[in-house]
Amino acid sequence: MGRMASFCAPEAQVVWRLSTAAMGMRLRVRPLSVLVILLTLFKYSLNVRAMSTLEKPSITRCRSPDKETFTCWWEPGSDGGLLTNYTLWYSVEGDKLEHECTDYQTMGPNSCFFDRNHTSIWVIYTITVIATNQMGSSRSDPVFIDVTYIVQPEPPSNVSLQLRVAQEKSFILVQWSAPVMADTQSGWITLKYNLRLKPKALTKWEYFYAGHEAQFIFFSFQPDSVYMVQVRCKADHGIWSDWSSPEAIRTPHAPGLMELSVWSLVTIVSCVLGLTFIGAVIMKMVRVKSYLLPPVPGPKIKGFDIDLQKVSSMA
């Protein structure tokens, strides 16, 4: 039996020896003690089995904030409580060689940062993570990425709200700036924007598309209410950013019945006064005309009596 046991795994030998010892003592121990021994053996076998495997890590996501650099993060698998080293390896389309990550520090634990010297667009990266400890090594499933399609900018900055009035109508003007890291001036990255707006007292947002413009106007809103506005952005082929911090503004209150009555009265009085003034001006102009241009008398011939002429005509 000893020779046969020598071919078994070390943990199996331990289980076999403990089982043999337990069988040899079965005549001298109580049933409760036997149950305790069996439970201990079962627990030990589970621990040995858990420690005998090294789970592969998994790459959770890759993101580029500006189409010039990017980062990949991974989630470690079960390592049996042993000290485990993780390395990220990648190859670029057209290059069969694998390269190890050069920066594991910039973006925190379980991450790899690719600076500008190691970032290219319109090519496919093949990325894997390898876990290594005393039990061996395990490689993650490969991830294939194109930096162009993992661009997720930071939220827009300098979001401001202003209440404006034009042609006796109020509106809310929203303005913002592109994220600081996004090089939109040179055209390297083009962003489009999305807004959402809601009264502070409600939970449902209204969504609006602003295109490539860095401002938007809201004409329809409730009077005397506090409105919340947020903005986000997205590269042409990328992912929407997080929403910006909410900004608030209070809309003007609607005029009451008393104010409307007063304004109506003022309007009527103004119209009456205006019409009176216009009539007075017209009458004044007629008088002035009569004074400056008196009627021209008819022609008169000396020795000719117009009345006598009328009588002769009748006869």
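Here the structure is a predicted model, which means the values were calculated and not measured.

Rules and cut-offs
Residues numbered from 1 in each chain as written. Predicted model: local features only at pLDDT ≥ 70, side-chain atom pairs only at ≥ 80, totals over all residues. Heavy atoms only, no water. Phe/Tyr/Trp six-rings, centres within 6.5 Å; stacked < 30°, edge-to-face > 60°. Helix = DSSP H or I, 4+ residues; strand = E, 2+ residues; numbered from the N terminus. Buried < 20%, exposed > 50% of the residue type's maximum accessible area, 1.4 Å probe, protein only. Lys NZ or Arg CZ within 6 Å of the ring centre and 35° of its normal. Core = buried A, V, L, I, M, F, W, Y, C linked by side-chain atoms within 4.5 Å. Contact = heavy atoms within 4.5 Å. Pairing = 2+ DSSP bridges. Axes fitted to C-alpha atoms, helices over the stretch in contact; angles between N-to-C directions.

Engineer: I would appreciate a short explanation of the packing of aromatic side chains in the present structure.
Structural biologist: The way to describe two aromatic rings as a pair is by their centre distance and the angle between their planes. Inspection of every chain in the model, using the stated rule, returns 14 aromatic pairs. Ring centres 4.1 Å apart and planes at 10 degrees place the aromatic pair Phe-70 and Phe-114 in the stacked group. Separated by 44 residues along the polypeptide, Phe-70 in strand β2 (residues 70-75) and Phe-114 in strand β5 (residues 111-114) bring together distant segments of the chain. Ring plane angle 50 degrees and centroid distance 6.0 Å describe the contact between Tyr-207 and Trp-243, whose orientation is recorded as tilted. Taken together, the positions of Tyr-207 in strand β12 (residues 206-211) and Trp-243 in the loop between β14 (226-235) and β15 (247-250) put the pair 36 residues apart, joining distant regions of the chain. We classify Tyr-207 as partly exposed; its relative accessible area is 48%. On the accessibility criterion, Trp-243 (19% relative accessible area) is buried. Put simply, the rings of Phe-70, Tyr-90, Phe-114 and Tyr-125 touch in pairs and so form one group of aromatic residues. Residue placement shows Lys-67 over the ring face of Trp-188; its charged tip is 5.3 Å from the ring centre. Over the face of the ring belonging to Trp-205 we find Arg-196, whose NZ or CZ atom lies 4.3 Å from the ring centre.

Engineer: What is the right way to look at the environment of Asp-236 in this model?
Structural biologist: You can see Asp-236 is positioned in the loop between β14 and β15. Separated by 46 residues in sequence, Asp-236 and Thr-190 have C-alpha atoms that sit 6.4 Å apart.

Engineer: Whenever I open this one, the nonpolar core confuses me. Can you help?
Structural biologist: Nonpolar side chains in soluble globular proteins tend to be buried together. In this structure, Val-174, Trp-176, Leu-195 and Phe-218 are the most contacted members of the largest nonpolar core, which totals 22 residues. Counting only elements with at least two residues in this core, the list comes to β9 (157-166), β10 (169-177), β11 (191-199), β13 (215-218) and β14. Excluding residues within four positions of it along the chain, Val-174 makes contact with Val-159, Ser-160, Leu-161, Leu-195, Ala-214, Gln-215, Phe-216, Phe-218, Val-229 and Val-231.

Engineer: What is the right way to read the sheet that holds β15 from this model?
Structural biologist: To summarise the sheet geometry, strands pair through backbone hydrogen bonds and adopt either a parallel or an antiparallel arrangement. Pairing in this open sheet of four strands is antiparallel, and the strands run β12-β11-β14-β15 from one edge to the other. Two strands close off the open sheet at either side, each with one partner strand: β12 and β15. If you compare each strand with its neighbour and ignore which way they point, the axes differ by 30 degrees on average. Pairing of β14 with β15, which is carried by four bridges, proceeds in the antiparallel orientation.

Engineer: Just to check I follow, could you spell out the sheet that holds β2 for this structure?
Structural biologist: Here three strands make up an open sheet; going across it, the order is β1-β2-β5 and the pairing antiparallel. The open sheet is flanked by β1 (58-63) and β5, the only strands paired with a single partner. Neighbour-to-neighbour, the strand axes of this sheet turn through a mean angle of 15 degrees, independent of strand direction. With four bridges connecting them, β2 and β5 associate as antiparallel partners.

Engineer: Please clarify how unusual backbone geometry should be interpreted in this entry.
Structural biologist: For residues besides glycine, phi is generally negative; the peptide bonds are generally trans as well. For Asn-110, which is not glycine, the phi torsion reads 55 degrees and is therefore positive. Among the secondary structure elements, Asn-110 is positioned in the loop between β4 (99-100) and β5. On the basis of relative accessible area, Asn-110 is assigned to the partly exposed category, the value being 30%. Positive phi, close to 50 degrees, is recorded for Asp-224, a residue that is not glycine. Structurally, Asp-224 is set in the loop between β13 and β14.

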